[in-house]
Amino acid sequence: NIATAGTQKFILVVGHLHHMIEKRYGDGSQFGIDVEYVLQQRPNDPWGALSDVAQATDLHGPALVANGDVIADIDPRAMVVNEPGVAATILAVRSHIPYGVMEVGVDLRVLRFVEKPVLDAWINGGMYYFRDVSGVIGGSMLEYDVLPVLAGQGALRAVLHTGYWRAVDSYKDYDEVREDGLDPPPSRLVARAREMFLTS
């Protein structure tokens, strides 16, 4: 999606088993893009790793940042908003609660069940556009160190998306995405890892 929208330069923040990702995508030339890798030195600190590289390489200008576990059918160009006072945009989506919900009356009688309802609220969809990434680098957690500051300044704008969106946090999520037809069949390695996970 991002590459077909015209983006040529990619920086992938990687951690555990990073060599597998690097082997799969290489320098990106086979896909017609340029890929660089940043190895995070601290666990669960992708924004800090990206900030370190941005400061060391004087990375600046517009940047699209996306969580690696999110699949959405949004055109990334929709994230680009050039409005006065807006420094960044954030993808806003509605998510399904992954469980069935019970409605309970005042007398504690169960009234009905609703299977995996959609939240009546917007959540962070895991994709962001920064007009100038050099102005927001720093900190280690994007969601705690950067976005709240921008929101407090009135400089963060939501891009509402009501199309397809899934966070892939488990093998079950991955299977459901495949059932939706948005991912190719898993490699033998992924299939074996899934088998080990489900039988352990």
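Before any of the text, the structure's been laid out above.
Residues numbered from 1 in each chain as written. Predicted model: local features only at pLDDT ≥ 70, side-chain atom pairs only at ≥ 80, totals over all residues. Heavy atoms only, no water.

Moving on, we get to the layout of surface pockets. By volume, the second largest pocket amounts to about 680 Å³. Along its surface, the second largest pocket is lined by 30 residues, and Ser-95, His-96, Trp-165, Arg-166 and Ala-167 are the ones closest to its centre. Tallying contributions element by element places strand E8 (residues 123-130) first for the lining of the second largest pocket, with five residues. Looking at side-chain class alone, the lining of the second largest pocket contains 11 nonpolar, 10 polar and nine charged residues. (1 Å grid on protein atoms, 1.4 Å probe; cavity = no way out; pocket = protein on both sides within 12 Å on 5 of 7 lines; lining within 4 Å. Points joined across faces, edges and corners; volume = space filled by probe spheres on them. Helix = DSSP H or I, 4+ residues; strand = E, 2+ residues; numbered from the N terminus. Nonpolar A, V, L, I, M, F, W, Y, C, P; charged D, E, K, R; others polar.)

Residue placement: Glu-36 occurs in strand E2 (residues 34-39). Sequence separation between Glu-36 and Tyr-25 is 11 residues; the distance between their C-alpha atoms is 9.8 Å.

The next thing to look at is the packing of aromatic side chains. This model, assessed by the stated rule, comprises two aromatic pairs. For the ring pair Tyr-25 and Phe-31, a centre distance of 5.7 Å and an interplane angle of 50° mean the geometry is tilted. Residue placement shows Arg-94 over the ring face of Trp-122; its charged tip is 4.1 Å from the ring centre. (Phe/Tyr/Trp six-rings, centres within 6.5 Å; stacked < 30°, edge-to-face > 60°. Lys NZ or Arg CZ within 6 Å of the ring centre and 35° of its normal.)

Further remarks concern the pattern of salt bridges. Tallied over the entire structure, the rule returns seven salt bridges. Note that Arg-77 is salt-bridged to Asp-75, the shortest N-O span being 2.9 Å. Assessed through its relative accessible area of 32%, Asp-75 is described here as partly exposed. A single salt-bridge network, built from bridges that share partners, covers Lys-9, Asp-34 and Glu-36. (Salt bridge = Lys/Arg side-chain N within 4 Å of Asp/Glu carboxyl O. Buried < 20%, exposed > 50% of the residue type's maximum accessible area, 1.4 Å probe, protein only.)

Within the secondary structure, Thr-89 sits in strand E5 (residues 88-93). Classification of Thr-89 as buried rests on a relative accessible area of 1%. A distance of 2.7 Å separates a polar atom in the side chain of Thr-89 from the backbone oxygen of Met-79. When sequence neighbours within four positions are dropped, the list of residues in contact with Thr-89 reads Met-79, Val-81, Met-127, Tyr-128, Tyr-129, Leu-156, Arg-157 and Val-159. (Polar contact = N/O pair within 3.5 Å; in protein donor to acceptor, adjacent residues only side chain to side chain. Contact = heavy atoms within 4.5 Å.)

Trp-47, Tyr-128, Phe-130, Val-136, Leu-142, Val-146 and Leu-150 are the most contacted members of the largest nonpolar core, which totals 15 residues. The greatest single-element share of this core, amounting to four residues, is contributed by helix H3 (residues 142-152). Those residues in contact with Trp-47, other than ones at most four positions away along the chain, are Val-65, Phe-130, Val-136, Ile-137, Gly-138, Gly-139, Ser-140, Met-141, Leu-142 and Val-146. In terms of nonpolar packing, the next biggest core, distinct from the first, is built from 10 residues, Ile-74, Leu-91, Val-159 and Trp-165 among them. (Core = buried A, V, L, I, M, F, W, Y, C linked by side-chain atoms within 4.5 Å.)

Note that every value here comes from positions in space, so none of it alone points to a role or purpose.
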